[in-house]
Amino acid sequence: GKGSWAVTFHTSSSSASTTGVTGFSTTSRATTTTTTTTTTTTTGGSSPAQKGCDGSSMFRGSFASPDNTYKAEYAIDCTTQIFSAIITATSSGWLGFGINNKGTSMAGADIVMMKYEGGKVTAIDTHAAYNGQPITDDVSSILTTNGSMSNGILSFGYSRQLVTGDSQDVEITGADTHILWAYNAQSSDLSSRHTSRGSLDINFFTGETESAKEVNLRNIHGTVMIVAWGLLVPSGSFIARFLKHLGHIWFQLHAGIQTTAAGITAIGFFIAVAEVVRSHGFHFYTAHTRIGLLIFILVIVQAILGVVADKMWKPDRKATPWFPDRLHLIFGASLTILSIVNIFLGFGANGSKAAPYVVYAIWISLVISTFVFAQIKRRAADHSSPPSPQDKLHLWILFGEVGVSVVFFAILIGVLWV
């Protein structure tokens, strides 16, 4: 759905008083609003909010998700250097409130996880080392907590120091801060996935917000990898397996397509590395990233095996040698299987909903069915055999695969970016 966040802000001190209401766009998947309006009134002097805490000022603000199922109110007491927040959500499970001053992703965020279980509300101080389940801090920096559950609404309050001195926490300063929120409406198991989530950028001391302008590198990474391993690699493999009756052109097509796929894989790999650097995350920390590194390395090995196979090929050979030809085949099959697994893991790492999983699963099923069908129809033939009805069928199958690919990948990439 579409909607806009609502933010209210108030600051008070001996020298200034400011109130305002802002509607702004957010990096939340559920929000596409791009207009921003601000109303501000000031009395007496200049606001200390621009510099963060200055003197004995008190800063207050609140925000709510577009559908009003998640709301947060916060206060900053500059006298005590305390940040406090009250969060409510339409949930009987868990909810999370995170802040990140290093980037706009989950990696590097300081997150308070709250859950309702056994008739009581508990809180855990956590941090996110990557875009995945938060890790419990070695030492909790939460000072006070309170919470309740009433009529399906989970309410929770907590407080902490603006600067805790804990390396696993994020300092609250006068700079813009990226807020992440999430909740699971049913389950209190903190390892369960969220049922709703979102994020926004805000300055706690001014109430000002700014739309995220950074390119979504994770979606770009996912798109190029899907094209490489969901379309190009299967097509190149099909040509090598079933279209050798075309003569030497089969090799040129196969080599060209797979080289393109390898190049796109390299681009996707370095895009992922850039995203981790930008978000101050940890490299190769999850199964998805480690498998991705393995695929990148094996692609290089596979390309070398392909070149060696071409150079060592002899037209009068009696059998296919294990090195490098059969090894090249084994590596290709292994890479294909790894890519299927890793693309599904990638959907999970990106927090994708069900649609990408379903569309990609259907596509992979069609690809596998195509290969099985072609293998059943395949006849034993060498390069000098004249084209047969089966050979022509394989060619039409390839054309059909490419045509269907265009449709499926348009749908898949569409749901990935929504």
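Scroll up a little and you will see the structure.
### A look at unusual backbone geometry
For residues other than glycine, phi is negative in most cases, and the peptide bonds are mostly trans.
Line of reasoning, step 1. Cis peptide bonds are those with omega within 30 degrees of zero, and the linkage from Phe323 to Pro324 qualifies with 0°.
Line of reasoning, step 2. Phi angles above zero are rare outside glycine, and Gln81 is one such case at about 60°.
Line of reasoning, step 3. Here Gln81 shows up in the loop between strand 5 (70–77) and strand 6 (82–89).
Line of reasoning, step 4. Note on Gln81: relative accessible area 33%, which makes it partly exposed.

### As for the packing of aromatic side chains
Line of reasoning, step 1. Under the definition given, this model contains 24 aromatic pairs.
Line of reasoning, step 2. With 6.4 Å between their ring centres and 15° between their planes, Tyr70 and Tyr183 make a pair best called stacked. Of this pair, Tyr70 sits in strand 5 while Tyr183 sits in strand 13 (residues 177–184), and the two are 113 residues apart along the sequence.
Line of reasoning, step 3. Classification of Tyr70 by relative accessible area gives buried; the value is 0%.
Line of reasoning, step 4. Here Phe269 and Phe296 contribute two aromatic rings whose centre-to-centre distance is 4.1 Å and whose plane-to-plane angle is 5°, an arrangement assigned as stacked. One end of the pair, Phe269, is in helix 2 (residues 249–278); the other, Phe296, is in helix 3 (residues 287–312), and 27 residues separate them in sequence. Assigned by exposure class, Phe269 and Phe296 land together as buried.
Line of reasoning, step 5. Counting every residue linked through ring pairs, the aromatic cluster contains Phe63, Tyr74, Phe83, Phe97, Phe156, Tyr158 and Phe204.
Line of reasoning, step 6. The ring centre of Trp322 lies 5.6 Å from the NZ or CZ of Arg326, which sits over that ring.

### What about the state of the cysteines?
Line of reasoning, step 1. All told, the structure shown has one disulfide when counted by the stated rule.
Line of reasoning, step 2. Across the disulfide, Cys53 is cross-linked to Cys78 (sulfur-sulfur distance 2.1 Å). Across the S-S bond of Cys53 and Cys78 the torsion is about -85°, and the bridge reads as left-handed. Within this pair, whereas Cys53 is found in the loop between strand 3 (37–43) and strand 4 (58–64), its partner Cys78 is found in the loop between strand 5 and strand 6, the two being separated by 25 residues in sequence.
Line of reasoning, step 3. With a relative accessible area of 27%, Cys53 lands in the partly exposed category.

### Some remarks on the environment of Ser188
Line of reasoning, step 1. One can find Ser188 in the loop between strand 13 and strand 14 (196–202).
Line of reasoning, step 2. Owing to a relative accessible area of 16%, Ser188 belongs among the buried residues under this scheme.
Line of reasoning, step 3. Taking C-alpha positions, Ser188 is 6.3 Å from Glu117, a pair spaced 71 residues apart along the chain.
Line of reasoning, step 4. Dropping the residues within four chain positions of it, Ser188 is found in contact with Gly93, Trp94, Lys115, Tyr116 and Glu117.

### Some thoughts on helix 2
Line of reasoning, step 1. With 30 residues, helix 2 extends 43 Å between its outermost C-alpha atoms, agreeing within 8% with the 44 Å of an ideal straight helix rising 1.5 Å per residue.
Line of reasoning, step 2. As for helix 2, its buried residues are in contact with helix 1 (217–242), helix 3 and helix 4 (322–349).

What counts and how
Residues numbered from 1 in each chain as written. Predicted model: local features only at pLDDT ≥ 70, side-chain atom pairs only at ≥ 80, totals over all residues. Heavy atoms only, no water. Helix = DSSP H or I, 4+ residues; strand = E, 2+ residues; numbered from the N terminus. Buried < 20%, exposed > 50% of the residue type's maximum accessible area, 1.4 Å probe, protein only. Phe/Tyr/Trp six-rings, centres within 6.5 Å; stacked < 30°, edge-to-face > 60°. Lys NZ or Arg CZ within 6 Å of the ring centre and 35° of its normal. Disulfide = S-S within 2.5 Å. Contact = heavy atoms within 4.5 Å. Expected span 1.5 Å × (residues − 1).

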